[in-house]
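Understanding the architecture of this molecule
Given next are the chains, with one letter for each unit.
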Protein chains: 2
Amino acid sequence: MSTADLALPVDVPSTALFTDRYEFTMLQAALKSGAAHRRSVFEAFTRRLPEGRRYGVVAGTGRVLDAVENFRFDAPLLEFLERERVVDAPTLKWLADYRFTGDIWGYPEGEVYFPGSPILRVEGSFAEAVLLETVVLSILNHDSAIAAAASRMAVAAGGRPLMEMGARRTHELAAVAAARAAYVGGFRSSSNLAAGFRYGLPTIGTSAHAFTLLHDTERDAFTAQVQSLGRSTTLLVDTYDLTEAVRTAVEVAGPELGAVRIDSGDLLLLAHRVRQQLDDLGARNTQIVVTSDLDEYAIASLAAAPVDAYGVGTSLVTGSGQPTCSMVYKLVARASVPDDAGAPLTAVAKKALGGKTSVGGRKWAARRLDADGVAEAEVVGSGEIPADLVDRQLLVPLVRGGEVVGREPLDAARTRHIAARAGLPLSATQLSRGEPVLPTEVR
Amino acid sequence: MSTADLALPVDVPSTALFTDRYEFTMLQAALKSGAAHRRSVFEAFTRRLPEGRRYGVVAGTGRVLDAVENFRFDAPLLEFLERERVVDAPTLKWLADYRFTGDIWGYPEGEVYFPGSPILRVEGSFAEAVLLETVVLSILNHDSAIAAAASRMAVAAGGRPLMEMGARRTHELAAVAAARAAYVGGFRSSSNLAAGFRYGLPTIGTSAHAFTLLHDTERDAFTAQVQSLGRSTTLLVDTYDLTEAVRTAVEVAGPELGAVRIDSGDLLLLAHRVRQQLDDLGARNTQIVVTSDLDEYAIASLAAAPVDAYGVGTSLVTGSGQPTCSMVYKLVARASVPDDAGAPLTAVAKKALGGKTSVGGRKWAARRLDADGVAEAEVVGSGEIPADLVDRQLLVPLVRGGEVVGREPLDAARTRHIAARAGLPLSATQLSRGEPVLPTEVR
């Protein structure tokens, strides 16, 4: 048994308990009534974007595929369900053989979405599809929230690189997923070694204030760092006096010094001052990295400052004020007879009460373009997709007959996101609060 | 290899990559300079509470102990660090034998804290202690944020039970930790089966709207549920028409019906109406459970409503607007010579710049009481603790010489939190925004 398999969600062989108890009790009752075997369609969607946001970003799709593939019950899980009397004996027997055998379609990872977009569509028997609700939503709601924040920060940063540094401000495994989602949204690298290990993300980092404080003098610390990590390293210059630190840094490393990092203070002011000082010292190629509670607004405010890279932590991993999306997983259609894959589907939906309305029916989705090729509407409907929208369909096959068919490299999602965002009206990338940049038309 | 060991952070054998890359590069540079072997003291603390909060709640301590115990490097991790050139060969060799051998003191789990409270104190060589920064902070920052929200909700709920139902709105493993932290903060149960499996939390849940929509009629669904789960089950009554659903529910289950759940609409109004209807139908013992984007304010607003239990999701797992704490892990003291456990410690701290100040020195902490036995100040200092505060010390030993000595049942933390909160001035439990209810005095 390798640590590598265990410490991280690398080859998680079961995601079957990332589940709310009611999914199992519904399963038991439906197995007894027979309705469990009715063909069913569930869709994940959101009724609204987070307050003021203009678009959402689909992220986590690849992780959903892993989760579905690994959703199995072996002895310890079944023993737990039995011991806790979560379900009865016939249900336990059914679970022992569980394997998702249905189909999943969805927006590909990195795509943008709007209220009502059918982000994921899960089709199979009620029994097999209902169990996936929680794990599907956990992944999509978390990862999409991070990717949306990352996308806004990437817009604010222009072409300058963004480094994810938020592990310490979120759950240790959420941090790994957050680094992944940030990459989809446009970040270039992460401080998180687990994310490097699991997803191959480029990792970065050199030193903290503790390293300077550990040594008797700042000069000792810089010397130790340069001797070990080379002149191209990044020295942290705000432990004591910034101006003195920059001078010492260049004395120790020479003008070949890779970068200095500023982690506190008025970054706009300090970046200009440090740039001037570095130039005066002949360290014209030494870069300036800033970190310190940055969010998309702070990044934007530094657009005209001589900053070469941004490190972002808290605001990224908490979704910049929106730490979750409000995606739900709803039964939208089901057959009226069991065990018949060809049985006609009946659209179903909760009736309006308190605003939690849904649109029933198994849906397609397309993005309609205007004459200039810019997106003008998200169009969602059930039944046959209109001919003029066939080429603009958004749902792609992810799982067919239980087999994952939609796996792709993470870079594909990252590239797709850049293209999808670029296809939106220009106002999509305004940082200010606003309405969704595309209306959703329901056919 | 058991699924049980893998799917969940049950026996995570290595937490060593839940680490920011700079901890390894600092290690390498300090090993080379020799400073790595200086005895060092790191402290986790926060400079401020989340905006408007009156107290913080320590949670995650038990998970920190697991993480420290399991912080090891085996072949796949070392190969990764080598392949990615994170560190050099001597450092890899040092890591291969890594095991934390130092001491950890901390506030016990469930205790309350304030700005400047030394929530965790890690003592050892710089090398061994610096590597724990990220994983310690990830756990404490996440779990304490959830526990603080849970504690406020528990106050708002009075004696009524709170059920955690937020798994779908956060990362799938963060959800497990969130359920645990919610329990520490006062929740009674969780919908999350992984939390039941891992931490033995009571789990709850019966059915969703999908179950009603799956069946041809609401009566069919209720009948199926009652036949399978018994009359004491909870029926969800807001899929179609609430009044009709309640009538059908009592017809199907009889007055022995356990509970009805309302998941949308004006809960205050509906709870009164449903209570009246249930009473009129003779179902006087049938309880009313409400769920639907509740937070501590919504819970408080239902205090006078005939509600028997609250289910809380999104706002709990996102810390009710404060999804993370701002705890940092700072070097506060270190020796000036290596490899000498008895060497005198020098207090160190980053100099003021941009507000990120710290107080150097290895600290004690105590909570001073007034004449009535009510807490009146958090007192923090270094050196000898004053005699009058010896009995009120807050730090307890958690790890001694690398051995975990502070493990305890989760119920101990839950009970401790109730007592700690009760010892604060009355204004601690006001939901309105305010200042920390205790001042922190630095000696």
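The model shown is predicted, which means the values in this text are computed figures rather than measured ones.

Here we look at the nonpolar core
A general feature of soluble globular proteins is that nonpolar side chains tend to end up buried together. Counting 164 residues, the largest nonpolar core has A:Phe73, A:Leu81, B:Phe73 and B:Leu81 as the members making the most contacts within it. Other than its neighbours up to four places away in sequence, B:Phe73 contacts B:Ala16, B:Phe24, B:Leu78, B:Leu81, B:Leu95, B:Ala96 and B:Tyr98.

Re the sheet that holds strand S15 (residues 375-382) of chain A
Residue and element names in this part refer to chain A. One open sheet holds the 3 strands; their spatial order is S14-S15-S18, and the pairing between them is mixed. Whereas interior strands pair on both sides, the edge strands pair on one side only; in this sheet they are strand S14 (363-369) and strand S18 (440-442). Averaged over all neighbouring strand pairs, the angle between strand axes comes to 25°, with direction disregarded. Relative to S18, S15 runs parallel, the two being bridged by 3 bridges. Across the sheet, residue Val380 finds its bridge partner in S18, namely Val442.

A closer look at the side chain of A:Ser144
Among the structural elements, A:Ser144 can be located in helix H7 (residues 133-157). Among all residues touching A:Ser144, those that are not within four sequence positions of it are A:Val57, A:Val58, A:Ala59, A:Tyr113, A:Ile139, A:Cys325 and A:Met327.

A word on the packing of helix H2 (residues 21-33) of chain B against helix H5 (residues 89-96) of chain B
Residue and element names in this part refer to chain B. Two elements in contact, H2 and H5, have axes whose closest approach is 9 Å; the angle formed by their N-to-C orientations is 105°. Of the possible angle classes, the one that applies to H2 and H5 is roughly perpendicular. On the side of H2, the interface is formed by Phe24, Leu27, Gln28 and Leu31, while H5 contributes Thr91, Trp94 and Leu95. Among the residues forming the contact of H2 with H5, the class breakdown is 5 nonpolar, 2 polar and no charged.

Description of the domain arrangement of chain A
Residues and elements named next belong to chain A. Partitioning chain A into structural domains gives domain 1 (3-131 + 326-442) and domain 2 (153-317). A separation of 38 Å is found between the C-alpha centroids of domain 1 and domain 2. Counting residues at the interface gives 21 residues for domain 1, matched by 21 residues for domain 2. Summed over both partners, the interface of domain 1 with domain 2 comes to about 1800 Å²; 67% of that surface belongs to carbon and sulfur atoms. For the interface between domain 1 and domain 2, the tally reads 2 salt bridges. Of the charged contacts in the structure, one is a salt bridge between Asp66 and Arg198, with a shortest N-O distance of 3.3 Å. Summed over the shared surface of domain 1 and domain 2, the result is 7 residue pairs in polar contact (both at pLDDT 80 or more).

Points about the sheet that holds strand S11 (residues 309-312) of chain A
Pairing between sheet strands relies on hydrogen bonds along the backbone, with the strands arranged either parallel or antiparallel. Residue and element names in this part refer to chain A. Spatially, the 6 strands line up as an open sheet ordered S7-S6-S11-S10-S9-S8, and their pairing is parallel. Edge strands, defined here as strands with exactly one partner in the open sheet, are strand S7 (189-190) and strand S8 (234-236). Bridge count for strand S9 (residues 259-262) against strand S10 (residues 287-291) is 4 bridges, and the pairing is parallel. Following the sheet pairing, Ala259 is matched in S10 by Gln287. Here helix H13 (residues 267-280) sits on the sheet in contact with S9 and S10, set at roughly 160° to S10.

Considerations on helix H11 (residues 218-229) of chain B
If you check H11(B), its first and last C-alpha atoms are 16 Å apart, about what 12 residues at 1.5 Å a residue would give, namely 16 Å. For H11(B), the set of buried residues is B:Glu218, B:Ala221, B:Phe222, B:Ala224, B:Gln225, B:Val226 and B:Ser228. Those residues of H11(B) hidden inside the fold are in contact with helix H2 (21-33) of chain A together with helix H10 (209-214), strand S8 (234-236) and helix H12 (242-253) of chain B. Two residues or fewer after H11(B) comes B:Gly230, characterised by a positive phi angle close to 90°.

Here's the deal with the environment of B:Cys325
With respect to the secondary-structure elements, B:Cys325 resides in the loop between helix H15 (314-317) and strand S12 (327-338). For B:Cys325, a relative accessible area of 4% gives the class buried. Residues contacting B:Cys325, with those up to four places away along its chain left out, are A:Arg169, B:Tyr113, B:Asn141, B:Ser144 and B:Ala145.

Quick word on the UniProt feature "domain: Nicotinate/nicotinamide phosphoribosyltransferase" (unreviewed entry) in chain A
UniProt records the feature "domain: Nicotinate/nicotinamide phosphoribosyltransferase" (unreviewed entry) at residues 162-330 of chain A, using the numbering of this structure. For residues 162-330 of chain A, the helix share is 44%, the strand share is 15%, and the end-to-end C-alpha distance is 36 Å.

Remarks on the relation of the copies chain A and chain B
Each of the two chain copies goes to the other by way of a rotation about an axis and a shift along it. Expressed as a screw transformation, the operator carrying chain A onto chain B has a rotation angle of 180° and an axial translation of 0.0 Å, and the superposed copies differ by an RMSD of 0.0 Å. Such a combination of turn and shift is consistent with a two-fold rotation axis. When the interface residues of chain A are mapped onto chain B, 100% of them again lie at the interface, so the same face is used by both copies.

Side note on the interface of chain A and chain B
Opposite the 110 residues of chain A that make contact, chain B presents 110 residues. Both sides of the chain A and chain B interface together cover about 9200 Å² of buried area, and 63% of this is carbon and sulfur. On the chain A side of the contact with chain B, A:Arg168, A:Leu193 and A:Leu214 bury the most area, a combined 9% of that side's loss. Of the charged contacts in the structure, one is a salt bridge between B:Asp216 and A:Arg38, with a shortest N-O distance of 2.8 Å. Taken together, chain A and chain B are joined by 52 residue pairs in polar contact (both at pLDDT 80 or more). For the side of chain A that touches chain B, the per-class residue count stands at 51 nonpolar, 36 polar and 23 charged.

Reading the values: rules and limits
Residues numbered from 1 in each chain as written. Chains lettered and ligands numbered in written order. Predicted model: local features only at pLDDT ≥ 70, side-chain atom pairs only at ≥ 80, totals over all residues. Heavy atoms only, no water. Core = buried A, V, L, I, M, F, W, Y, C linked by side-chain atoms within 4.5 Å. Buried < 20%, exposed > 50% of the residue type's maximum accessible area, 1.4 Å probe, protein only. Contact = heavy atoms within 4.5 Å. Pairing = 2+ DSSP bridges. Helix = DSSP H or I, 4+ residues; strand = E, 2+ residues; numbered from the N terminus. Axes fitted to C-alpha atoms, helices over the stretch in contact; angles between N-to-C directions. Parallel < 35°, antiparallel > 145°, perpendicular 65-115°, else oblique. Nonpolar A, V, L, I, M, F, W, Y, C, P; charged D, E, K, R; others polar. Domains from an automatic or database assignment. Buried area = accessible area lost by both parts, 1.4 Å probe. Salt bridge = Lys/Arg side-chain N within 4 Å of Asp/Glu carboxyl O. Polar contact = N/O pair within 3.5 Å; in protein donor to acceptor, adjacent residues only side chain to side chain. Expected span 1.5 Å × (residues − 1). UniProt positions renumbered as here; feature names shortened; annotations may be inferred. Least-squares fit on C-alpha atoms with pLDDT ≥ 70 in both.

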